Amino acid sequence: MTKFPTHKRIKDKPYKNKDYLNYMHHSDKACIICGSREIELHHIRMKGQIGRIDSQVVPLCMNHHRGMFSPHGFDSSAFYEDYPKEWLLEQAEEFFNEYESL
């Protein structure tokens, strides 16, 4: 039996801006919806976008990030009706511009 060489597909690692993510986690940001200081970063992904872009994150509390009424919850469509992705992207851009101006 002849062995054929295997060709592994090499995946590029997604772009990571660790400095910016650390800044967002440690800069006393609050949930953009309720103002809670206990935050998680939500990556905003637009339709057709592959992967996550670290400059497109917004701070959300655990409830608004992973609760029932959240982007990752049972009724994510209702969340995006009240907080459209375009608005979230505007907020993310403001945070990133603030970071860039430091």
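Refer to the structure presented above.
Residues numbered from 1 in each chain as written. Predicted model: local features only at pLDDT ≥ 70, side-chain atom pairs only at ≥ 80, totals over all residues. Heavy atoms only, no water.

**Overview of the environment of Lys16**
The topology assignment puts Lys16 in the segment before helix H1 (18–26). By relative accessible area, which is 39% here, Lys16 ends up partly exposed. Measuring from C-alpha to C-alpha, the distance between Lys16 and Asp54 comes to 6.2 Å, with 38 residues separating the pair along the chain. With residues near it in sequence (within four places) discarded, Lys16 still touches Arg52 and Asp54. (Helix = DSSP H or I, 4+ residues; strand = E, 2+ residues; numbered from the N terminus. Buried < 20%, exposed > 50% of the residue type's maximum accessible area, 1.4 Å probe, protein only. Contact = heavy atoms within 4.5 Å.)

**Considering the nonpolar core**
In this structure, Tyr20, Met24 and Val58 are the most contacted members of the largest nonpolar core, which totals 20 residues. Counting residues per element, this core draws most heavily on helix H4 (residues 85–100), which supplies six residues. Look past the residues within four positions of Tyr20 in its chain and what remains in contact with it is Asp54, Ser55, Val57, Ala92, Phe95, Phe96 and Tyr99. (Core = buried A, V, L, I, M, F, W, Y, C linked by side-chain atoms within 4.5 Å.)

**Points about the pairing of strand E2 (residues 57–61)**
For a regular strand, side-chain orientation follows a simple rule: the groups alternate between the two sheet faces. Burial analysis of E2 places five of its five residues in the buried class, the great majority of the element. Judged by which residues are buried, E2 turns out to be covered on both faces: Val57, Pro59 and Cys61 on one side and Val58 and Leu60 on the other are all buried.

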